[in-house]
Amino acid sequence: MTDLPASHIPAPKELTLLVVDDSPINVRLLETALSKEGYRILTAANGPKARELAMENQPDLILLDIMMPGEDGFSVIRFLKNHTATASIPVIFLTGVSEIESKIEGFDLGAVDYIIKPFHPMEVLARVRLHLKLSIATNSLITSQAQKLRQLKKAQTSLLVTPESLPEARFAALYESFQEAGGDFYDVIAICQDIHGYLVADFSGHDISTSYLTASIKALMKQNCTPIYQPTESIKLINDVLVEILPENKYLTASYAHLNRKTMKLTLVNAGHPPAVCVPARAPARLIRMDGDILGMFRNVIFGTQVIPVGPGDRFYLYSDGLVESSQDRSVWSRASERMLGACEEVRGMPIEEAVKGIRNMLLPPEIPIEDDIVILAIEI
Amino acid sequence: MTDFKQLAGDLGLETADFLELTALFIQTTMRDIEGLEKALEDQNAEAVKDIAHTIKGAAGNLGFKAIYILATVGEKNASEGKLRVLASLPAALKKEVTTLQKAL
């Protein structure tokens with residue numbers, strides 16, 4: 001292996017410090033001492049200039065005097081912590097020995113450390129180095145976590161079955177995840193010829209464990225949704241495993257539809273999930289309301305179950321609460337599900353692939369960012 | 001006699017850098033002392049306190065102890081509203097700063 005020429009080695013990033021103090025001596029002292037150590041130093045003599053320089057340059061660390069005429073250091077840090085561009089910049093306060101209370105207030109406002117005046121430049125340098133190390137380590141942790149979450153999203157999406165891969169199940173699905181690791185999940189499986197299982201589930205919380213758990217649900221569906229078990233039995237078996245494996249305070253709600261195209265019967269099982277919508281080919285759409293315990297919390301559970309005779313052209317919609325529950329209008333299932341019902345009726349004439357998009361756009365205007373994961377699963381008999 | 005080399009060494013600085021800082025200190029402190037005289041004339045305790053605080057910080061950081069102590073006394077008395085005892089403060093400060101200037 002040959003050595004790379006020196007020009008190929010990226011130059012280390014120059015670290016920038018912003019020194020804010022109304023005393024020109026202090027500013028100059030810190031500038032002299034810190035610039036010798038290879039830092040690029042920006043200086044400000046007052047609050048407004050400090051804010052301006054911080055926003056423009058996003059320094060790696062800020063040394064901030066508390067007592068300044070006009071806008072003091074507290075007001076500056078409040079501003080910095082309220083703006084995304086500057087919120088994560090570590091701030092070290094420079095404070096007089098008599099200002100004990102101000103130290104506490106400084107920490108409350110998000111400062112990482114304080115240095116008592118009069119200070120020794122070497123003490124400042126040692127603290128600057130320490131907090132730069134911490135900040136760099138934290139940032140790289142965040143970057144690597146975000147990268148992992150993005151990989152998870154990819155893996156999670158690849159777990160979702162597409163209508164093309166299972167055309168005989170005759171379904172359409174719309175899936176949008178709010179964060180990198182979504183808490184919603186759907187799955188469709190072929191139990192045997194002409195019998196399919198359709199599941200929409202919603203985990204409490206969005207985090208890495210949630211997306212790992214969605215993979216578990218897919219495996220549990222395969223193991224337990226078989227011709228040996230009744231639909232309710234399958235979901236009960238899945239619940240029993242989830243009680244064992246879910247972390248404390250983690251649970252999920254789910255809606256499961258078991259469709260037998262031979263007997264033309266659809267069995268709906270509800271586990272604490274918003275009511276499914278039934279759109280018969282020749283009758284008005286209706287909500288199928290059922291009570292049912294959530295999954296993964298208790299061993300003895302009772303689920304709402306209903307067996308519905310179906311005919312060709314009938315449609316069923318399973319969906320997650322992200323579609324009907326908004327933190328803005330504080331709507332809850334009961335009222336919001338009525339809107340879902342109306343939307344399902346509205347798209348009656350559309351092919352199901354179009355229908356799911358139509359419902360989504362009717363309930364949540366596309367220009368407004370989503371607040372939760374969204375799943376709509378449409379089944380056509 | 002002020003030992004600039006020693007003071008510079010205490011702060012981990014080169015003597016030349018320290019002398020430059022001292023020159024800046026003398027210049028700004030002379031200006032601050034004028035402000036202090038005016039604030040005392042106006043009986044503005046708040047302004048006296050702020051100016052004394054500024055001088056105190058700078059002198060403390062550079063290791064000019066006599067000036068640091070004078071400014072500390074000034075800040076403390078001003079914060080208690082005792083401006084009468086501070087009548088001679090500007091002159092005392094000026095004397096110390098002039099001594100420093102001569103030593104440069």
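Residues numbered from 1 in each chain as written. Chains lettered and ligands numbered in written order. Predicted model: local features only at pLDDT ≥ 70, side-chain atom pairs only at ≥ 80, totals over all residues.

Caption draft 1: Representation of the UniProt feature "modified residue: 4-aspartylphosphate" (unreviewed entry) in chain A. Residue and element names in this part refer to chain A. According to UniProt, the feature "modified residue: 4-aspartylphosphate" (unreviewed entry) maps to Asp65 in the numbering used here. Counting through the fold element by element, Asp65 comes out in strand β3 (residues 61-65). In contact with Asp65, other than residues within four places in its own chain, are Val20, Asp21, Asp22, Gly73 and Leu94. (UniProt positions renumbered as here; feature names shortened; annotations may be inferred. Helix = DSSP H or I, 4+ residues; strand = E, 2+ residues; numbered from the N terminus. Contact = placed C-beta atoms within 7 Å.)

Caption draft 2: Representation of the sheet that holds strand β13 (residues 304-309) of chain A within the structure. Residues and elements named next belong to chain A. Strand order in the open sheet formed by five strands is β7-β8-β9-β10-β13, and the pairing between neighbours is antiparallel. Among the strands making up the open sheet, the edge pair consists of β7 (184-192) and β13. Mean inter-strand twist for the sheet, computed between neighbouring axes without regard to direction, equals 15°. Where strand β9 (residues 252-260) lies against strand β10 (residues 265-271), seven bridges are found, and the strand directions are antiparallel. The residue of β10 that forms the bridge with Leu259 is Leu266. (Pairing = 2+ DSSP bridges. Axes fitted to C-alpha atoms, helices over the stretch in contact; angles between N-to-C directions.)

Caption draft 3: Inspection of the environment of Leu61 of chain A at higher detail. Residues and elements named next belong to chain A. Relative to the helices and strands, Leu61 resides in strand β3. Expressed as a C-alpha distance, the spacing of Leu61 and Pro90, which sit 29 residues apart in the sequence, is 5.1 Å. When sequence neighbours within four positions are dropped, the list of residues in contact with Leu61 reads Leu17, Ile89, Pro90, Ile92, Val128, His131 and Leu132.

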